[in-house]
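Results of the structural survey
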Amino acid sequence: MNKHKAIIFDLDGVIVDTAKFHFLAWKKLANELGFDFSEEQNEAMKGLSRVHSFQKLLEFGNKEVSNADFERHLYNKNQDYLQRISTMAENDLLPGVKKVLDFLIENQIPFALGSASKNARLILKSLKIENQFAAIVDGTDVQKAKPDPEVFLTASEKLKKSPAECIVFEDSVAGIEAANSAGMTSIGIGDATILKEADYNFLDFTEIEIGCLEKLVLKK
């Protein structure tokens with residue numbers, strides 16, 4: 001086994017943007033219930049569970065539904081979302097991601113996924129990159145959500161690397177906190193003023209030079 005460091009990627013907002021598919025699915029449901037749903041309202045639902053998101057949606061529309069209808073609408077929304085993400089392809093990878101993955105593969109640097117999404121495997125399969133990951137840890141594998149470090153610690157165990165040997169790419173405050181709590185190097189992807197607790201910050205992967213990656217992961 002090589003002695004290089006390992007990488008753990010979050011999924012949404014780091015490798016791919018599925019938020020647009022959630023928005024379209026919620027918007028369709030809102031329209032079916034008789035009201036509109038804006039991108040600004042969608043932002044207010046980010047980070048919420050599926051159930052809490054639907055409760056928030058009903059608040060926006062000033063609507064109430066029975067328990068049975070609540071479950072039915074929630075199921076239909078998820079099926080709509082799954083249908084949308086099943087059409088994703090490699091060109092849906094966020095800019096610069098493929099360059100980074102190719103570098104890691106060429107240099108035999110192991111990488112894993114550490115995501116709260118229960119649809120992570122389906123998304124990676126649609127992107128045709130599922131088999132590139134040495135390990136996949138998603139919402140079906142852990143009990144505690146970020147900022148608890150469980151998802152990243154589980155990934156490091158599967159990679160057979162110590163936390164100190166792992167580098168995490170994250171786009172959320174909770175994810176950065178989880179990585180730091182796990183004792184891993186944290187790299188924020190997004191607004192540095194928001195992800196200020198990260199060890200390193202990049203707006204997106206197009207800003208990451210190969211030379212910078214080499215210094216981070218290749219142990220000389």
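Computed from a prediction, not measured in an experiment: that's the story for all the values here.

Side chains that differ in charge, positive against negative, can pair when their charged atoms come close. Applying the stated rule across the entire model yields eight salt bridges. Its salt-bridge partner being Lys-146, residue Asp-10 comes within 3.1 Å of it at the nearest N-O pair. Taken together, the positions of Asp-10 in the loop between β1 (6–9) and α1 (19–32) and Lys-146 in the loop between β3 (135–137) and α7 (150–159) put the pair 136 residues apart, joining distant regions of the chain. Residues Asp-10 and Lys-146 agree in their burial class; the two are buried.

Think of an α-helix as turning once every 3.6 residues; residues three or four places apart then point the same way. If you check helix α3 (residues 50–61), its first and last C-alpha atoms are 17 Å apart, about what twelve residues at 1.5 Å a residue would give, namely 16 Å. For α3, the complete set of buried residues consists of Ser-53, Phe-54, Leu-57, Leu-58 and Gly-61. Buried residues of α3, seen end-on, are gathered within an arc of 140° and therefore sit on one face of the element. Packed against the buried residues of α3 are α1 and α4 (67–85).

Counting 39 residues, the largest nonpolar core has Ile-7, Phe-9, Ile-15, Leu-113, Phe-133, Phe-169 and Phe-205 as its most contacted members. Formed by 16 residues, the second largest nonpolar core is a distinct cluster that contains Ile-8, Ala-135, Phe-152 and Ala-155.

For helix α5 (residues 97–106), the set of buried residues is Val-97, Val-100, Leu-101, Phe-103 and Leu-104. For α5, the buried positions fall inside an angular range of 160° around the axis, keeping them on one side. The secondary structure elements touched by the buried residues of α5 are β1, β2 (111–114) and α9 (210–217). In the stretch just after α5, Gln-108 is the one whose phi turns positive, near 55°.

This next bit is on the environment of Ile-136. Tracing the backbone shows Ile-136 in strand β3. In this structure, the C-alpha to C-alpha distance between Ile-136 and Phe-9, residues 127 residues apart in sequence, is 9.6 Å. Not counting residues within four places of it along the chain, the set of residues in contact with Ile-136 comprises Leu-113, Arg-121, Leu-124, Glu-130, Asp-141 and Lys-158.

A word on the pairing of strand β5 (residues 185–189). A large share of β5 lies buried, amounting to five of its five residues. Of the two faces of β5, the one carrying Thr-185, Ile-187 and Ile-189 and the one carrying Ser-186 and Gly-188 are both buried. Across four bridges, the pairing between strand β4 (residues 166–170) and β5 is parallel. From the neighbouring strand, Ile-167 faces β5, where its bridge partner is Thr-185. Each parallel crossover has a hand, and the one from β4 via helix α8 (residues 173–182) to β5 is right-handed. In terms of strand pairing, β5 meets strand β6 (residues 200–202) through three bridges, oriented parallel. Following the sheet pairing, Ile-187 is matched in β6 by Tyr-200.

Rules and cut-offs
- Residues numbered from 1 in each chain as written.
- Predicted model: local features only at pLDDT ≥ 70, side-chain atom pairs only at ≥ 80, totals over all residues.
- Heavy atoms only, no water.
- Salt bridge = Lys/Arg side-chain N within 4 Å of Asp/Glu carboxyl O.
- Helix = DSSP H or I, 4+ residues; strand = E, 2+ residues; numbered from the N terminus.
- Buried < 20%, exposed > 50% of the residue type's maximum accessible area, 1.4 Å probe, protein only.
- Expected span 1.5 Å × (residues − 1).
- Arc of directions from axis to C-beta.
- Contact = heavy atoms within 4.5 Å.
- Core = buried A, V, L, I, M, F, W, Y, C linked by side-chain atoms within 4.5 Å.
- Pairing = 2+ DSSP bridges.
- Right-handed = clockwise from strand over helix to strand, strands pointing away.

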